[in-house]
Amino acid sequence: MTVYFIGAGPGDPELITVKGQRLLRSCPVILYAGSLVPAAVLEGHSAEQVVNTAELHLDEIIELIAQAHSKGQDVARVHSGDPSLYGAIGEQIRHLRRLEIPFQIIPGVTATAACAALLESELTLPEVSQTLILTRYASKSEMPAGEQLSDLARHGATMAIHLGVVHLSKIVAELLPHYGADCPIAVVHRASWPDQDWVSGTLATIEEQVRAKGFRRTALILVGRVLHAEQFADSALYNAEHRHLFRSSDA
């Protein structure tokens, strides 16, 4: 048997990968993070056992996997977004290795990608920002040394900040010295879900905009000059004068 850590995507059930959906529909056991994975993602399954793990702790989840292992049953362990980003799969994998239970990770569409699509933005623009930093706001646990928000903000790169909307005023205060009050910022609530909503403004205006919307959780913050940018260079990739392996000088 194999445990498949499947990225279900940010919410829209059509944003799961073809491979993820195929495995989800074929595994006899499904363990899904129901607090963030919509039930519609599970449509079409033929599983004998389906468990919402939102109310379970780690040991209970590992016990369910061990039971499936003893029966030779594949497990679809379904997480939101991409399981390798804030998916808490590392601790599960540590247990599976100890128990010698095989596993695979099936990538998924990230919330950051869904937000960029909603905002109609490319997050890496020539001469504006070629770097994307994905991070979270330190609230319940401290960040490792050198990863405080102010440390990362010094780069001026595009930044996606998870788990921070309730601390927005503190985040803005840390970003302002590095990005400037006029820097574009967006807060997206439940990207790709039917009730998705968002606000887009600047570091000077975003707090009031978010207060008006009442966003308190399940929101991603995107900040950087790439948002709504109009003045940037064309990429070399499609430049008529640029030659590469797939476009010769005779093209």
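Residues numbered from 1 in each chain as written. Predicted model: local features only at pLDDT ≥ 70, side-chain atom pairs only at ≥ 80, totals over all residues. Heavy atoms only, no water.

A.B. asks: A description of helix α6 (residues 168–179) should follow, citing residues and the corresponding values.
C.D. replies: Helical geometry note: an α-helix holds 3.6 residues per turn, so side chains three or four residues apart project in the same direction. Among the residues of α6, Leu168, Ile171, Val172, Leu175 and Tyr179 are the ones counted as buried. With its buried residues spanning 95° around the axis, α6 presents them on a single face. Tucked inside the fold, the buried residues of α6 contact α5 (149–153), β7 (158–162), α7 (206–213) and β10 (219–223). Gly180 lies just past α6 and shows a positive phi near 90°. (Buried < 20%, exposed > 50% of the residue type's maximum accessible area, 1.4 Å probe, protein only. Helix = DSSP H or I, 4+ residues; strand = E, 2+ residues; numbered from the N terminus. Arc of directions from axis to C-beta. Contact = heavy atoms within 4.5 Å.)

A.B. asks: Describe the sheet that holds strand β4 (residues 75–79), naming the residues involved and giving the relevant values.
C.D. replies: The strand order across the open sheet built from five strands is β3-β2-β4-β1-β5, with neighbouring strands paired in parallel fashion. Each of the sheet's edge strands pairs with one partner strand only, and the pair in question is β3 (49–52) and β5 (103–106). Strand-to-strand twist of the sheet, defined as the mean angle between neighbouring strand axes without regard to direction, takes the value 15°. (Pairing = 2+ DSSP bridges. Axes fitted to C-alpha atoms, helices over the stretch in contact; angles between N-to-C directions.)

A.B. asks: How would you summarise the pattern of salt bridges if you had to cite specific residues and measurements?
C.D. replies: One pass over the structure, following the stated rule, counts five salt bridges. For Arg211, the salt bridge is made with Glu208, and the minimal N-O distance between the two is 3.1 Å. In this pair, Arg211 and Glu208 both sit in helix α7, three residues apart, roughly one turn of the helix. On the accessibility criterion, Glu208 (49% relative accessible area) is partly exposed. (Salt bridge = Lys/Arg side-chain N within 4 Å of Asp/Glu carboxyl O.)

A.B. asks: Let's hear about the packing of aromatic side chains: which residues, and what values?
C.D. replies: Counted under the stated rule, the structure contains one aromatic pair. Between Phe5 and Phe103, the aromatic rings sit 6.2 Å apart at their centres with planes inclined by 75°, giving edge-to-face as the arrangement. Of the two residues, Phe5 sits in strand β1 (residues 3–7) while Phe103 sits in strand β5, which places them 98 residues apart along the sequence. The class of Phe5 is buried, set by a relative accessible area of 0%. By relative accessible area, Phe103 is classed as partly exposed at 23%. Here Arg190 stacks its cationic end above the ring of Trp193, 4.0 Å away from the centre of that ring. (Phe/Tyr/Trp six-rings, centres within 6.5 Å; stacked < 30°, edge-to-face > 60°. Lys NZ or Arg CZ within 6 Å of the ring centre and 35° of its normal.)

Keep in mind that these numbers describe shape and distance, not what the molecule does.
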